[in-house]
Amino acid sequence: MNNKLLVVEDDPGLQDQLRWCFDRYEVIVAGDRATAMEQLRKHQPPVVTLDLGLPPDADGISEGLATLEAIVSQRPDTKVIVVTGQNDRENAVRAVGSGAYDFYHKPIDAEILGMIVNRAYRLRELELENSALMQQKSDHSVEGVVACSAEMVKVCRTVEKVAPSNASILLLGDSGTGKELCARSLHDLSPRVSGRFIAINCAAIPENLLESELFGYEKGAFTGAVKQTPGKIEYASGGTLFLDEVGDLPMSLQAKLLRFLQERVVERVGGREEIPVDVRVVCATHQNLPEKTSSGTFREDLYYRISEIAIQIPPLRERGGDILLLARMFLEQFNREQGRNLRGFNKEALTAMESYTWPGNVRELKNRVKRAVIMAEGKQIVAGDLELDEVAIDEVGLSLRHVREQAERQAIQRALSHSAGKVSAAADMLGISRPTMYDMIRKLNLKV
């Protein structure tokens, strides 16, 4: 958002005074309605101060109200603060009713007026942030996923595409990346949305209880089995079964789960009857299942059965732009929950968040922002509130030159690798001349 402020005032003395009051903003002055509308179209200021007494009706309010209506009509999101006389409350209320954001009385009090204008800018900034957030969320229909990075948008597109099918889905990714959120979206976007979504964490239940939890048991099957109890698989019939941390499933149960996936029937513990079940299975793990199949700790046939479609969810550190987007969303959420009114993150905090590797992914980011909202003593969250070390902006390589050089270096190295070190062939791949290629190799100090 730009920091331009349009002052619509015909008195040269007041124009100078307002310029002095708002030295932190780029003040643009207009003395009449025509000039004001021209400056509004040219500069698109977020906030406007408007004197109701404008020529040719300097002693009345008709021209000021007409200017207000024109501004609101052309740019309804602009915050207009009207200037009224000391005893002119009726016209101030009328102006607010016509779309003005706020009003103040003459004579001008720089401190009070500054507070009103700053508040108007802050409100407009929040509206823009919210609009941007909603736009990002509307880019895909995966509810609860906030993302702007190409990596996560691709994940969301895949979820949307495979949700209507009945294929078994395997969600892969580190802990805290949002695998269960994607699993719920697969259910919500599927024809099974009216059925149950049953989630079970295979790593959280002891091995001796997991079988009965999944498949159920008959009365008398074991000590304490006082009644017939259906398992989670039966409860999920008609809906979706989500097996989280499926990589921790004991070998003794893998064969039984495989049979269920092949035959779509279950047998309760202690039972003999085969019970047909219509359920869509979604699994998730942070482990490398191909490695586990090679080591013999996970059945290869089960792996291929549960991974008809595999979706890799990238860690937060690889989702460019999502960190700050999520941080601002969590800040708004916890501001509401904790009754705080913190005004975003300072530059050091933003830089620290971007440079941190986030081993705990989205879950860690959410926890750190929540702690910061509770503990922050200033008006903004600083790096210390997030328990992150401050990082100088120039250390994280945000300059356009740095980004360009990194991209050029990677492209040239890749082209040279594909061409077995032949400069001419690499130049052809990149669409540049051979002399240009040599110049770039020298500039980037690359070895050929």
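Residues numbered from 1 in each chain as written. Predicted model: local features only at pLDDT ≥ 70, side-chain atom pairs only at ≥ 80, totals over all residues. Heavy atoms only, no water.

(A) Fine view of helix H7 (residues 179-188). Three or more residues of H7 are buried, namely Lys179, Cys182, Ala183, Ser185, Leu186 and His187. Tucked into the core, H7 has its buried residues touching helix H6 (150-162), strand S6 (169-172), strand S7 (197-201), strand S10 (240-244) and strand S13 (280-285). (Buried < 20%, exposed > 50% of the residue type's maximum accessible area, 1.4 Å probe, protein only. Helix = DSSP H or I, 4+ residues; strand = E, 2+ residues; numbered from the N terminus. Contact = heavy atoms within 4.5 Å.)

(B) How the structure looks around the side chain of glutamate 364. If you trace the backbone, glutamate 364 turns up in helix H15 (residues 361-375). Reaching out from glutamate 364, the side chain makes a polar contact with the backbone nitrogen of glycine 360 at a distance of 2.7 Å. Setting aside residues up to four positions removed in sequence, glutamate 364 forms contacts with Tyr356, Trp358 and Pro359. (Polar contact = N/O pair within 3.5 Å; in protein donor to acceptor, adjacent residues only side chain to side chain.)

(C) Here's a closer look at unusual backbone geometry. The amide bond that connects proline 55 to the next residue, proline 56, takes the cis arrangement and shows omega of 10°. A cis amide bond, omega -5°, links lysine 106 with the succeeding residue proline 107. Looking at the element boundaries, proline 107 is found in the loop between strand S5 (102-105) and helix H5 (110-138). Even without glycine at this site, tryptophan 358 takes up a positive phi of about 50°.

(D) Molecular detail of the sheet that holds S10. What the five strands build is an open sheet, ordered S7-S10-S13-S6-S14; its pairing is parallel. Looking at which strands have only one partner, the edges of the open sheet turn out to be S7 and strand S14 (309-312). Each adjacent strand pair in this sheet contributes to an overall mean axis angle of 20°, direction not counted. Inspection of the sheet shows S6 paired to S13 by four bridges, in the parallel sense. Residue leucine 171 lies in a different strand from S13, and its bridge partner there is alanine 284. Sheet strands in contact with H6 are S6, S13 and S14, and its direction is about 155° off that of S14. (Pairing = 2+ DSSP bridges. Axes fitted to C-alpha atoms, helices over the stretch in contact; angles between N-to-C directions.)

(E) Region of interest: the packing of helix H8 (residues 207-215) against helix H10 (residues 251-263). Contact geometry for H8 and H10: axes closest at 10 Å, N-to-C directions at 10°. Taken together, the axes of H8 and H10 are roughly parallel relative to one another. When H8 is examined against H10, the residues Glu207, Leu210, Glu211 and Phe215 are found in contact with a partner set consisting of Ser252, Leu253, Lys256, Leu257 and Phe260. Here the residues of the contact of H8 with H10 are counted per class, giving five nonpolar, one polar and three charged. (Parallel < 35°, antiparallel > 145°, perpendicular 65-115°, else oblique. Nonpolar A, V, L, I, M, F, W, Y, C, P; charged D, E, K, R; others polar.)

(F) The arrangement of the packing of aromatic side chains in detail. Applying the stated criterion to the full structure yields seven aromatic pairs. An angle of 15° between the planes, with centres 4.3 Å apart, marks the rings of tyrosine 25 and tyrosine 121 as stacked. With tyrosine 25 in the loop between helix H1 (12-21) and strand S2 (26-30) and tyrosine 121 in helix H5, this pair connects stretches of sequence that are 96 residues apart. Looking at tyrosine 25, the relative accessible area reads 10%, which means it is buried. With relative accessibility at 5%, the residue tyrosine 121 sits in the buried group. Look at tyrosine 303 and tyrosine 304: their rings are 5.2 Å apart centre to centre, the planes differ by 55°, and that puts the pair in the tilted class. With a relative accessible area of 16%, tyrosine 303 lands in the buried category. (Phe/Tyr/Trp six-rings, centres within 6.5 Å; stacked < 30°, edge-to-face > 60°.)

Everything listed here is a matter of coordinates, which is why it stays silent on function.
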